[in-house]
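Now for the letters of each chain:
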Amino acid sequence: MFLRSCWKSRHKPDSGSVLVWLQLRYVALLWLCVTHLGCAGAEKTVVQKDAEFDITYNDTARSDNQTIYAFNHTVSRNRTEGVRVTVDVLSEGTESSPILFVVRQKQAVLSFQVPLILRGLYQRKYPYAHVGRTLCQPPTRALAETQYFFVDVSTLSSLGTHYQLRISRVESFTLHTDKKFSFTASPSQPQYFKYVFPDGVDTVIVKVNSEMTFPCSVMSIQDIQCPVYDLDNNVAFIGMYQTMTKKGAITVQRKDFPSNSFYVVVVVKTEDEACGGPLRFYPLRPDELIDAGNRSKTLDVVVSPAIKSEVYVMGMLFCLGIFLSFYLLTFLVACVENKRMHRRREGLLHPVDMSPAETAPLLGKPAVTPVSPYDQYGSFADNASTLSSEAITDSIASDANYGYMGQEPFKRRPFLTAIHHVAIRIERSLESVTGRSRHESLSSVEEDDYDTLADIDSDKNIVRTKKYLCVSDLARKDKRVLSKKYQIYFWNIATIGVFYALPVIQLVITYQTVVNVTGNQDICYYNFLCAHPLGNLSAFNNILSNLGYVMLGLLFLLIVLQRDIIHSKALERNELNALECGIPKHFGLFYAMGTALMMEGLLSACYHVCPNYTNFQFDTSFMYMIAGLCVLKLYQKRHPDINASAYTAYACLAAVIFFSVLGVVFGKGNMVFWIVFSVIHILATLLLSTQLYYMGRWRLDSGILRRMVYVIYTDCIRQCSGPMYIDRMVLLVMGNIVNWSLAAYGLLERPNDFASYLLAIAICNLLLYFAFYIIMKLRSGERIGCMSLVCILFTAVVWGFALFFFFQGLSTWQKTPAESREHNRDCIVLSFFDDHDIWHFLSSIAMFGSFLVLLTMDDDLDDVQRDKIFVF
């Protein structure tokens, strides 16, 4: 009744009460056994023997006897030595009636049976006849103390079972700093050792290595307390633990262990499935015992001091210094540019020493531009049909130039020049009379105001289907309307970022909390050889290295803001260059790109709080955004009137992220998913190709198939004619080849990392379009400015080095956590940053440089009229 009342107690027992309960349970068990044997008419013989260390005792255990071995040893407060119990069962067929060994110590009880039965997956049973266990050493306050412990041996087998018992000291039980120690372990013979923090060391890294991949093993860090959980079925009960094949590493902080010491426990698992190894056959009978074979593994352990707080400070200063230097460089370039602009204005006020050709752009006159090969087709003459009031002067200038391509523009007819200036003055007078300021509210101006009349739509068909288009043909809509349209990109992505980031931050904090509470180091795929904790964060260096995305994204926003302000002031002054020359300036997409780069840094940092299979999309979602926005910006440069709206663009990007989630969850080895995705990929490519080729002047309706057949019949069968838009056709053919090849690769190979595969599709299309843009720009007689050329060369070099570090592959969640740790490597910069951190540094710089290329690559056209800038 006393035992029953103790069992039903509602109070949470401490370690002392648990020990008392175990001892009472053991005494009660012995009493019941003696009483039962006495009722059966048999006598139970109890023999106690004084035993010594390092002596092997051979004996036989039967149901009618019980042997107790009494040991004593001296325990010192300043020196810790381990005591190990080794047992071998020599008799066969003892699985049904094993021998029970109970080791009773002053403050601990250890019991195990031999043969030891360990279970694997699907309740597989593995018997082990050779068992070795290390006794937990209770602490002592005395300088030296003699402690006694007893080993009780009993069995219920009446046939007698032969066994060997040996108690020995573990001389190297305490690990020393930076000293490697080798040992052998197996599922039935786990090992653990003690480590004491030396003075002045607050953090250490425990590294366990092995030359053998299998058998799979587990390393654990546990506090100094009894019992020590050192079997495969209980090692995860307490402390920090991780599976390992060849490498394992855990960073341990003094603050987590009040005793300033801890146990390093190494357990070999009964099966290798947790480490990516093969799974054994399923037993034919549920109670069938499976021979595990030889699962011994040789390992070595070394405990090294981790970095000090000074290294953390140096790492943060290094990170800040790199990216603040870009702010300084940008400031210097801005000062030089401002000085150049000031000299230009002085030249405008004092043009005495300048030639007429040099003063032309400054006075609002068309500049002399090289005659493009396109001029022989009369592309300028096609621009005569313009409807907007802002294009009146362009059409007049085009009519004036028509038929005089070989002459200087300033040698044209005097009355046309007069008409040109009169038209400009009339337009400016009308603007001042009507009071239409460019700061007028845009709420009443809609893009559809120019798209509702049938004649306007008919004019679109005429203009956009010309063989050779100029930017003036696709920059006819009101500038205020387009400015409003493209500003929506920025506000939408800012809203998306807030709503996306908040639950992500909440989730990764939960991940980190689970890791800290459970101690399961297999949840997160860190580079454990270079994972520096700070507070509750396990890998602060991987988070800090994402600072570059945020800082350089903010810097890009400031650069865009400066350009936006300069352009707005030029519009207020009604400068002709700002009104009618160069690529139309719309900064909404640039603002969206800078915001996306900042959000990429934030979400990448969130991903690296606990990188794993389920949250990898946090790291890639805004990469899709950035790639999509860059493609849209390239297209917008020469197609401002027909670029996609923010709602359409973000809806398409949302669909991409949706497929990314489906691929991560269902795509691994799923043939049906890959077939569906490949079909959708090819259909989307074809639809986008049609949209780009016909400049949006086509309809997807019930008559689309009939029109397709008619085009094929007239252009391919009835008369074999080439494509009307050759340049566009070349780009789209190359794009279809690339995308069809990527779709075929995905369908055949079915890569496990679907998110990276999807990102590769986006990057390939971006690079293809960028290369086409550069080639066509040079082919059209345009040039690449000095600043743009420097940015292109610098960005290409940085991207090359960044990709080198990216493909080092320090971890991968495509494998098991144990297999991923085989790729872990030490830090390479300041003993704080690893290869992946360098990838973060370089890729953020490369993205910033890529954005600058898009921002500056058409600066050479700022003095060229838009009817002389070709669309491609």
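Preceding this paragraph is the structure being described.
So, here is what we can say about the structure in this document. Just so it is clear, the model here is predicted, and its values are computed rather than measured.

From N to C terminus, the protein includes 21 helices and 20 strands. The buried share among the 872 residues of the protein stands at 47%. Taking the contacts inside the protein whose residues are at least 6 apart along the sequence as the reference set, 80% of them involve residues at least 24 apart. For the protein, the accessible surface area stands at approximately 43600 Å², while carbon and sulfur atoms represent 62% of it.

On to the packing of aromatic side chains. Tallied over the full model, the rule gives 52 aromatic pairs. Between Phe326 and Phe848, the ring centres sit 6.1 Å apart and the planes meet at 85 degrees, which makes this aromatic pair edge-to-face. Pair noted here: Phe326 is in helix H3 (residues 309-349) and Phe848 is in helix H21 (residues 835-856), with a separation of 522 residues, a long-range link. Put simply, the rings of Phe658, Phe659, Phe673, Trp674, Phe677, Tyr745, Phe754 and Tyr757 pair up and form one aromatic cluster. Directly above the aromatic system of Phe53 lies the positively charged group of Arg169, at a separation of 4.1 Å from the ring centroid.

Now for helix H17 (residues 726-749). Given a rise of 1.5 Å per residue, 24 residues ought to cover 34 Å, and the 34 Å separating the end C-alpha atoms of H17 matches this to within 8%. If you check which residues of H17 are buried, you get Arg728, Leu731, Leu732, Gly735, Asn736, Asn739, Leu742, Ala743 and Gly746. Looking at the packing, one finds that the buried side of H17 touches helix H15 (671-693) and helix H18 (754-779). Two residues or fewer past H17, Arg750 is found with a positive phi of approximately 50 degrees.

What follows is about the nonpolar core. Judged by nonpolar contacts, the single largest core of 109 residues is most densely connected at Tyr489, Phe556, Leu629 and Tyr650. Apart from the residues lying within four places of it in its own chain, the contact partners of Tyr650 are Tyr489, Asn492, Ile493, Ile496, Ala592, Met625 and Leu629. Formed by 31 residues, the second largest nonpolar core is a distinct cluster that contains Phe53, Ala61, Phe71 and Leu116.

The next subject is the pairing of strand S5 (residues 99-104). Pairing between S5 and strand S6 (residues 109-114): 6 bridges, direction antiparallel. Bridge pairing links Leu100 to Gln113 in S6. Counted between consecutive antiparallel strands, the loop separating S5 from S6 contains 4 residues.

Our next topic: the sheet that holds strand S19 (residues 261-268). The strand order S12-S14-S19-S16-S17 describes an open sheet built from 5 strands, whose pairing is mixed. Of all strands in the sheet, those with a lone pairing partner are strand S12 (174-175) and strand S17 (240-244), marking the two edges. As judged from the 6 bridges shared by strand S14 (residues 191-196) and S19, these two strands associate in the antiparallel manner. Note on S19: the bridge partner recorded for Lys194 is Tyr263.

Take unusual backbone geometry next. The amide bond that connects Phe214 to the next residue, Pro215, takes the cis arrangement and shows omega of 10 degrees. Along the polypeptide, Pro215 turns up in the loop between strand S15 (203-209) and strand S16 (217-223). One non-glycine residue with positive phi stands out, namely Asp178, at about 65 degrees. Within the fold, Asp178 resides in the loop between S12 and strand S13 (181-185). Of note in this structure, Arg750 is not a glycine but carries a positive phi near 50 degrees. Take Arg750: it is sitting in the loop between H17 and H18.

On to the side chain of Ser621. Among the secondary structure elements, Ser621 is positioned in helix H13 (residues 617-638). If near-sequence neighbours (up to four positions away) are discounted, Ser621 is found in contact with Tyr500 and Ile657.

This part takes up the environment of Gly849. With respect to the helices, strands and loops of the structure, Gly849 is situated in helix H21. Spatially, the C-alpha atom of Gly849 lies 9.6 Å from that of Leu552, the residues being 297 residues apart in sequence. If we ignore the near neighbours within four places in the chain, the residues touching Gly849 are Cys791 and Thr795.

One can find Val89 in strand S4 (residues 82-89). A residue is classified by how much of its surface remains accessible, and Val89, at 9% relative accessible area, is buried. The spacing of Val89 and His130 is 41 residues in sequence and 6.7 Å in space, taken between C-alpha atoms. Val89 has contacts with Thr94, Ile99, Val114, Pro115, Ala129, Thr161, His162 and Tyr163, leaving out every residue within four places of it along the chain.

Our next topic: the sheet that holds strand S3 (residues 65-76). Strand order in the open sheet formed by 5 strands is S1-S3-S10-S5-S6, with mixed pairing between adjacent strands. Strands with a single pairing partner mark the edges of an open sheet, and in this sheet they are strand S1 (45-50) and S6. Taking the axes of each pair of neighbouring strands and ignoring which way they run, one obtains an average angle of 20 degrees across the sheet. Here S1 pairs with S3 via 6 bridges, running parallel. The residue bridging Val47 from the neighbouring strand is Thr67, located in S3.

To continue, consider the pairing of S4. The buried count for S4 comes to 6 of 8 residues, which makes it a mostly enclosed element. Across 8 bridges, S4 lies against strand S11 (residues 161-170) in antiparallel orientation. Bridge assignment links Thr86 to a residue of S11, and that residue is Arg166.

Quick look at the state of the cysteines now. Applying the stated criterion across every chain yields a total of 4 disulfides. Through a disulfide, Cys136 is tied to Cys226; the S-S separation comes to 1.8 Å. Handedness here is read from the sign of the S-S torsion; for Cys136 and Cys226, about -85 degrees, the answer is left-handed. With a gap of 90 residues between them, Cys136 in the loop between strand S9 (130-135) and strand S10 (144-155) and Cys226 in the loop between S16 and S17 connect regions that are remote in the sequence. Its relative accessible area of 27% is what places Cys226 among the partly exposed residues. Disulfide pairing places Cys530 opposite Cys827 at an S-S distance of 1.8 Å. On the sign convention where negative is left-handed, the bridge of Cys530 and Cys827, at about 110 degrees about the S-S bond, is right-handed. Residue Cys530 is located in the loop between helix H8 (479-518) and helix H9 (540-544), and its partner Cys827 is located in the loop between helix H20 (817-821) and H21; the two are separated by 297 residues in the primary sequence. Of note for the protein: the bonded cysteines, numbered N- to C-terminal, pair according to 1-3, 2-4, 5-7, 6-8.

Calculation rules
Residues numbered from 1 in each chain as written. Predicted model: local features only at pLDDT ≥ 70, side-chain atom pairs only at ≥ 80, totals over all residues. Heavy atoms only, no water. Helix = DSSP H or I, 4+ residues; strand = E, 2+ residues; numbered from the N terminus. Buried < 20%, exposed > 50% of the residue type's maximum accessible area, 1.4 Å probe, protein only. Contact = heavy atoms within 4.5 Å. Areas by Shrake-Rupley, 256 points an atom, 1.4 Å probe, with all protein chains shown as cover. Phe/Tyr/Trp six-rings, centres within 6.5 Å; stacked < 30°, edge-to-face > 60°. Lys NZ or Arg CZ within 6 Å of the ring centre and 35° of its normal. Expected span 1.5 Å × (residues − 1). Core = buried A, V, L, I, M, F, W, Y, C linked by side-chain atoms within 4.5 Å. Pairing = 2+ DSSP bridges. Axes fitted to C-alpha atoms, helices over the stretch in contact; angles between N-to-C directions. Disulfide = S-S within 2.5 Å.

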